Amino acid sequence: QALEYERSHVPSLQGFLHWLAAADFEVKRDLETGQSNQVRILTGHGSKGLQAPVVFLPDTMAAPDRTPKLLWAEDADGFALPIWSPNRDTDVPISAEARGLAAEKRDREYHRLLYVAMTRAEDRLYVAGWGTKRVTTASTWYQMIKDGLEPIARSEGERLVVESPQKDP
């Protein structure tokens, strides 16, 4: 389907996904068929336990920045209490602490998913992203990967290339 789309449309992931959603055919969700020449489009959550020779991470420039409005705080006995706090301006000390804990949990999951995404690649990993403004935060996947790999990468224009040739067994 990916090749068919590319023959008749301008290639783009967003356009391809829209085309798939509007199509009148079945999209198979059996991820371990073992067939070659397949394209699998997965989320970080959906890719757990799967690998592919080539993996693209196309959307790496946005970091999560929201916390839920319904927060949970523990009382002195360890019982979870719901707290409604629509924004930081309405926080009291207990909701501010609960908001901080929720943000830490969100960030831990974001980092865990980065690990999952990067370890899906057997041979090649392509990290890409685009934005309408300069990314200035070190908390995006793109920036974390760039900062981590830059010391061992070689520069090819706008690209960083890290090679780790595999030896045949």
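Scroll up to find the structure.
Residues numbered from 1 in each chain as written. Predicted model: local features only at pLDDT ≥ 70, side-chain atom pairs only at ≥ 80, totals over all residues. Heavy atoms only, no water.

### Notes on the side chain of R99
Mapping R99 onto the fold places it in helix 3 (residues 93-118). The exposure class of R99 is buried, given its relative accessible area of 8%. In this structure, R99 is in contact with T67, P68, L71, S85, N87, R88 and D91, ignoring residues within four places of it in sequence. (Helix = DSSP H or I, 4+ residues; strand = E, 2+ residues; numbered from the N terminus. Buried < 20%, exposed > 50% of the residue type's maximum accessible area, 1.4 Å probe, protein only. Contact = heavy atoms within 4.5 Å.)

### Observations regarding helix 4 (residues 141-149)
Taken together, the buried positions of helix 4 are W141, Q143 and I145. Among the structural elements, strand 1 (52-57), helix 3 and strand 4 (121-127) are those in contact with the buried residues of helix 4.

### Things to note about a nonpolar patch on the surface
A cluster of nonpolar side chains, contributed by L13, L17, V39 and I41, occupies part of the molecular surface with about 330 Å² of accessible area. The residue I41 is located in the loop between helix 2 (13-22) and strand 1 in this model. (Patch = residues over 30% accessible without salt bridge, like charges linked within 9 Å, V, L, I, M, F, W, Y side chains within 5 Å. Areas by Shrake-Rupley, 256 points an atom, 1.4 Å probe, with all protein chains shown as cover. Salt bridge = Lys/Arg side-chain N within 4 Å of Asp/Glu carboxyl O.)

### With respect to the packing of helix 3 against helix 4
Taken N-terminus to C-terminus, the directions of helix 3 and helix 4 make an angle of 65°; their axes are 11 Å apart at the nearest point. The two elements helix 3 and helix 4 cross, and the hand of that crossing is right-handed. Contacts from Y110, H111, L113, L114, A117 and M118 in helix 3 reach W141, M144 and I145 in helix 4. Tallied by class, residues from the contact of helix 3 with helix 4 come to eight nonpolar, one polar and no charged. (Axes fitted to C-alpha atoms, helices over the stretch in contact; angles between N-to-C directions. Left-handed = near helix turned anticlockwise from the far one by under 90°. Nonpolar A, V, L, I, M, F, W, Y, C, P; charged D, E, K, R; others polar.)

### Some words on the packing of aromatic side chains
Under the criterion given, the structure shown has five aromatic pairs. Ring geometry for F56 and Y126: centres 4.9 Å apart, planes at 15°, overall stacked. Of this pair, F56 sits in strand 1 while Y126 sits in strand 4, and the two are 70 residues apart along the sequence. On the basis of relative accessible area, F56 is assigned to the exposed category, the value being 57%. (Phe/Tyr/Trp six-rings, centres within 6.5 Å; stacked < 30°, edge-to-face > 60°.)

### Some words on the pattern of salt bridges
Per the counting criterion, the structure on display carries seven salt bridges. Residue D91 is joined to R99 by a salt bridge in which the shortest nitrogen-to-oxygen separation is 2.8 Å. With its nearest N and O atoms 3.3 Å apart, the salt bridge here joins E163 to R154.

### Some details on the nonpolar core
Grouped together as the largest cluster of nonpolar side chains are ten residues: A52, V55, L57, Y110, L113, L114, A117, A121, W141 and I145. Taken together, the elements giving at least two residues each to this core come down to strand 1, helix 3 and helix 4. Looking at this core element by element, the count peaks at four residues for helix 3. In this structure, L71, I83, A98 and A102 belong to the second largest nonpolar core, which totals five residues. (Core = buried A, V, L, I, M, F, W, Y, C linked by side-chain atoms within 4.5 Å.)

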